[in-house]
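The primary structure of each chain is shown beneath.
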Amino acid sequence: MDTEKTLEGFLRDGAENRPEGKAVAATILAFADAAVIVQETIARGGSGDDLAAAQNHQNAGGDMQKELDVVADRAFLDAAKRSPVGFYGSEEQDEAVQLGDGPLALAIDPLDGSSNIETNVSIGTIFSLLPATDAHRADPSSVFRQPGTNQLAAGFFIYGPQLLLVVTLGAGTRVFIRAPGSGGFVAFGPAPAIPTEAKEYAVNVSNRRHWATGMRRYVDDLDAGAEGPRGHDFGMRYVGSMVADAYRIFRRGGMFLYPGDTRKGYERGRLRQLYETNPMAFCIEQAGGAASDGTGRMLDIVPDGLHARTPFAFGSKAEIEALAGYLGKDA
Ligand SMILES: O=P(O)(O)OC[C@H]1O[C@](O)(COP(=O)(O)O)[C@@H](O)[C@@H]1O
Ligand SMILES: [Mg+2]
Ligand SMILES: [Mg+2]
């Protein structure tokens, strides 16, 4: 096999002259093994248990945990323990777990798209690797207060018709597919290059009545299409698994939005900065797109802890700029 085209080859080349390059490479390879375990569990429909069964336990974000959330959390925690990961910060754990002196901190959404588990729709795992230093070990609460610009690597797996990994080490974004039979991940398709202009958008429109005026006006103008101020038609696609909505945007452009709204607990939206928006923003920027909280660059925003939420918009650059214009005026 052409090693340039394998995940191992990509990570080995990427490790050269990069801070903690070897640690990052070893960790992502361990994650690839964990992702295969999760995908196989999904393909089997579980091991006798209903993968969507509620676990009688709420995670830190207030969502009821499901069987597959727990299975995925365990698989990636095991992978992190086999890797040079010093801190494990997961959506499914109330507090970050300190694993040792490893030079990396992992923020992870073990199972993204939990509301789609029983529907056989694509779901995924999102991860972000940050540096973990002596200063962080002395004050562990500081490790997950680093801005997204500090990320060493980020990516997400998609458990769908194909098992895909979208990943960046900070020099472009690449896609790998698990080749059935070979056991490994190999490069898949061209490197994503997100078109500047969008023709589609993704948002849960059922929340429209809770949005701020600027957000409502923005989506109204998209919906007005060729007859409205935007001057062309926009299609709408919303899967409800961010990884699936994002992959569509990596391949053909578009706009994804999860704004804050007036519902209790949704003032800063639904998505979590450390393990959802920052890793996605890093991959998106490295593929030529843009990501913001509506008005400011996502990667520059300093999070206030592991489970911090933030409004989120990402996709084609021109659309992120257009949105900022609407929110800047009317938010
Ligand atoms: O159902 P809503 O409110 O539209 O939220 C959907 C969003 O919530 C998420 O499912 C949140 O992720 P989790 O499944 O990891 O909690 C995203 O994947 C998705 O974009
Ligand atoms: Mg998620
Ligand atoms: Mg999740």
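Residues numbered from 1 in each chain as written. Chains lettered and ligands numbered in written order. Predicted model: local features only at pLDDT ≥ 70, side-chain atom pairs only at ≥ 80, totals over all residues.

The name given to the protein in an unreviewed UniProt entry is Fructose-1,6-bisphosphatase class 1, with the source organism recorded as Plantimonas leprariae. According to its UniProt record, the protein has this under Subcellular location (unreviewed entry): "Cytoplasm". (UniProt positions renumbered as here; feature names shortened; annotations may be inferred.)

As a further point, take the overall build of the protein. Along its length, the protein carries eight helices and 15 strands. At 19 Å, the protein has a C-alpha radius of gyration in line with the 20 Å of a compact globule built from 331 residues. In the protein, which comprises 331 residues, the share counted as buried stands at 49%. Across the protein, every contact between residues at least 6 apart in sequence was considered, and the portion connecting residues at least 24 apart equals 63%. (Helix = DSSP H or I, 4+ residues; strand = E, 2+ residues; numbered from the N terminus. Rg over C-alpha atoms; globule rule 2.2 N^0.38 Å. Buried ≥ 20, exposed ≤ 12 C-beta atoms within 10 Å, placed from the backbone. Contact = placed C-beta atoms within 7 Å.)

Moving on, we come to the site of ligand 1. Residues in contact with ligand 1, as listed here, are Asp63, Glu91, Asp109, Asp112, Gly113, Ser114, Ser115, Asn204, Gly240, Ser241, Met242 and Arg270. In terms of residue class, the shell around ligand 1 is made up of one nonpolar, six polar and five charged. Two domains each donate at least three residues to the shell around ligand 1, and these are domain 1 (3-187) and domain 2 (200-330). (Near = placed C-beta within 6 Å. Nonpolar A, V, L, I, M, F, W, Y, C, P; charged D, E, K, R; others polar. Domains from an automatic or database assignment.)

UniProt's feature table lists "binding site: Mg(2+) 2" (unreviewed entry) at Asp109, Asp112 and Glu276, given in the numbering used throughout. In sequence the annotated residues extend across 168 residues, while in space they remain close, none of their C-alpha pairs exceeding 8.5 Å. Note on placement: aspartate 109 falls in strand E5 (residues 104-112). Aspartate 109 sits in the buried class, given 30 other C-beta atoms within 10 Å. Once residues lying within four places of it in the same chain are set aside, the contact partners of aspartate 109 are Glu91, Thr125, Ile126, Tyr275 and Glu276. Summarising the element assignment, aspartate 112 is placed in strand E5. The class for aspartate 112 is buried, based on 28 C-beta atoms found within 10 Å. Aspartate 112 has contacts with Ile123, Gly124, Thr125, Ile126, Ser241, Met242 and Val243, leaving out every residue within four places of it along the chain.

In this section: the sheet that holds strand E12 (residues 235-236). Strand order across the open sheet formed by five strands is E12-E11-E13-E15-E14, with mixed pairing between neighbours. Looking along the sheet, the strands with just one partner apiece sit at the ends: E12 and strand E14 (290-292). The pairing of strand E13 (residues 255-258) with strand E15 (residues 312-315) spans four bridges and is classified as antiparallel. Within the sheet, the bridge partner assigned to tyrosine 258 lies in E15 and is phenylalanine 312. (Pairing = 2+ DSSP bridges.)

At glutamate 20, a position not held by glycine, the phi torsion is positive, near 55°. A positive phi is found at asparagine 120, a non-glycine position, where the angle reads about 60°. By the secondary structure assignment, asparagine 120 is in the loop between E5 and strand E6 (123-131). Given 11 C-beta atoms within a 10 Å radius, asparagine 120 is considered exposed.

The subject of this paragraph is the pairing of E15. Burial of E15 is two-sided: the residues Phe312 and Phe314 facing one way and the residues Ala313 and Gly315 facing the other way are all buried. In this sheet, E15 lies alongside E14 in antiparallel orientation, the contact comprising three bridges. Paired with alanine 290 across the strands is glycine 315, a residue of E15.

Okay, the pairing of strand E8 (residues 163-168) next. In terms of burial, E8 is largely enclosed, as six of its six residues are buried. The pairing of strand E7 (residues 153-159) with E8 spans six bridges and is antiparallel. Paired with isoleucine 158 across the strands is leucine 164, a residue of E8. If you look at the hairpin formed by E7 and E8, you'll find three residues sitting between the two strands. Bridge count between E8 and strand E9 (residues 173-178): five bridges; the pairing is antiparallel. Opposite leucine 165, over in E9, you have phenylalanine 176 as the bridge partner. Hairpin connection of E8 to E9: four residues between the antiparallel strands, including glycine 170 at a positive phi of 100°.

Moving on, we get to the domain arrangement of the protein. Segmentation of the protein into domains returns domain 1 (3-187) and domain 2 (200-330). Between domain 1 and domain 2, the C-alpha centre-to-centre distance is 23 Å. Taken together, the 36 residues of domain 1 in the interface contact 31 residues of domain 2. Secondary structure elements with two or more residues in the side of domain 1 that touches domain 2: E5, E6, E7 and E8. In terms of residue class, the side of domain 1 that touches domain 2 is made up of 14 nonpolar, 18 polar and four charged.

For helix H5 (residues 213-224), which comprises twelve residues, the first-to-last C-alpha distance of 16 Å matches the rise-based estimate of 16 Å (1.5 Å per residue) to within 8%. For H5, the set of buried residues is Met215, Tyr218, Val219 and Leu222. Down the axis, H5 shows its buried residues gathered within 90° of arc, on one side only. Glycine 225, located one to two residues past H5, shows a positive phi value of around 60°. (Expected span 1.5 Å × (residues − 1). Arc of directions from axis to C-beta.)

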